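# Structural overview for review
Given next are the chains, with one letter for each unit.
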Amino acid sequence: MSSRHVSQLRKWMLASPPIEWGIDKLRELLIGALRQGPIPQHVAFVMDGNRRFARSHKIETVEGHNLGFEALARILEVCYKSGVKVVTVYAFSIENFKRSKYEVDALMEMAKVKLVQLAQHGDLLDRYGASVRVLGQRNLVKDDVLEAIDRAVEMTKNNGDCALNICFPYTSRDEITTAIKTTVENYSKPTYTQQRPFSQTRITQKLKSRNVNSVSNPTIRESSPTPSNRSEPDESVSSSTTLNPESSPTSSPEAGVFPDPELISVDTLAENLFTAGDPPLDLLIRTSGVNRLSDFMLWQCHEDTEIVFLDCLWPEFDLWQFLPVLVEWQWKQKHVEEKAQGNGTKASNIRSR
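Report follows, based on the coordinates. (Residues numbered from 1 in each chain as written. Predicted model: local features only at pLDDT ≥ 70, side-chain atom pairs only at ≥ 80, totals over all residues. Heavy atoms only, no water.)

Right, let's talk about the overall build of the chain for a bit. Within the chain, the secondary structure is distributed over 11 helices and eight strands. A separation of at least 24 residues holds for 82% of the contacts in the chain among residues at least 6 apart in sequence. (Helix = DSSP H or I, 4+ residues; strand = E, 2+ residues; numbered from the N terminus. Contact = heavy atoms within 4.5 Å.)

Written as structure tokens, this is what we have:
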């Protein structure tokens, strides 16, 4: 029996109501168990293998991409149920424009439909309080696709504190280049400060009030001047100590001051990345057995990021492939925490001595 027939038989068996009910209950149980341990707050996926899956199953390439979207929906539900706050997916690389026009147009058309479908009220993102953010070069996308993107972003902007970052079209080198350009622009603009004088009316009133109080005090008669010696309040204010009533307050701008480029740091560039404000990347997963990042999240893959390469193709990716990765990540996190606590205990013992 060919692998295609085995796959169809397996799909038919899993679709039967009793087995489907049992699998759903098992999934809920496993996800609940995962929540008892540490959960990565930011997970990224390189969704690779849609075309190879289509070729191996002798179906159209576009159908392979559709099955890849279904896999994404399954994984998003697992992530948000488990407690992951931010999911970032590599949906379309700038390099993908080099593919055939038929495939590129089909991907763009699918993006229009699927984005709005994800964002609809009551659908996946709405249920789990996740907002859509599309990261990449908007100027490379057609207007009708941009309208669908903006609509999905608008529909989900008031959702909860979870997020789905869709990198489309994107490369990490382009993201870093954009961040550098933005930083250079910000540090090439001088800042100005303006000196604002005190209000002329307020100064005049204050001087008049002081003069009146000094020459007229009804409680001490000895110091009160006679009416003939009392000056009019308006005349008691020396013209040399007041502003010219005809003059208007002006502001004198100082010379522009440029920000010090020595202040540019790693954090400065990170604040201008597409993912600014997101939690650090905890886990990056790539399917299809290819062991490279393919220009994805190069900056965000810092020393604490766990990078995992899996042999399964993306349309096959499900909880059963994701679960071992999460369990291993949790085990490593607990080991790191125990090691940190041990070092802290040793340090406290040394300090107490």
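Counting across every chain of the model gives 12 aromatic pairs. Geometrically, the ring pair formed by F45 and F322 is edge-to-face, given 5.7 Å between the ring centres and 70° between the ring planes. Within this pair, whereas F45 is found in strand β1 (residues 42-46), its partner F322 is found in helix α11 (residues 319-352), the two being separated by 277 residues in sequence. Here F45 falls in the buried class, since its relative accessible area comes to 0%. Pairing Y90 with F296 gives two aromatic rings, centres 4.6 Å apart and planes at 10°, and the pair type is stacked. With Y90 in strand β2 (residues 86-90) and F296 in the loop between β7 (283-286) and β8 (306-309), this pair connects stretches of sequence that are 206 residues apart. Per residue, the accessibility class of Y90 equals that of F296, and both read buried. Taken together, F45, W314, F317 and F322 form an aromatic cluster joined through their ring pairs. (Phe/Tyr/Trp six-rings, centres within 6.5 Å; stacked < 30°, edge-to-face > 60°. Buried < 20%, exposed > 50% of the residue type's maximum accessible area, 1.4 Å probe, protein only.)

Of note, S82 is situated in helix α4 (residues 61-82). Exposure remark for S82: the relative accessible area of 2% places this residue in the buried category. The spatial distance from the C-alpha of S82 to the C-alpha of I31 is 5.8 Å, given a sequence separation of 51 residues.

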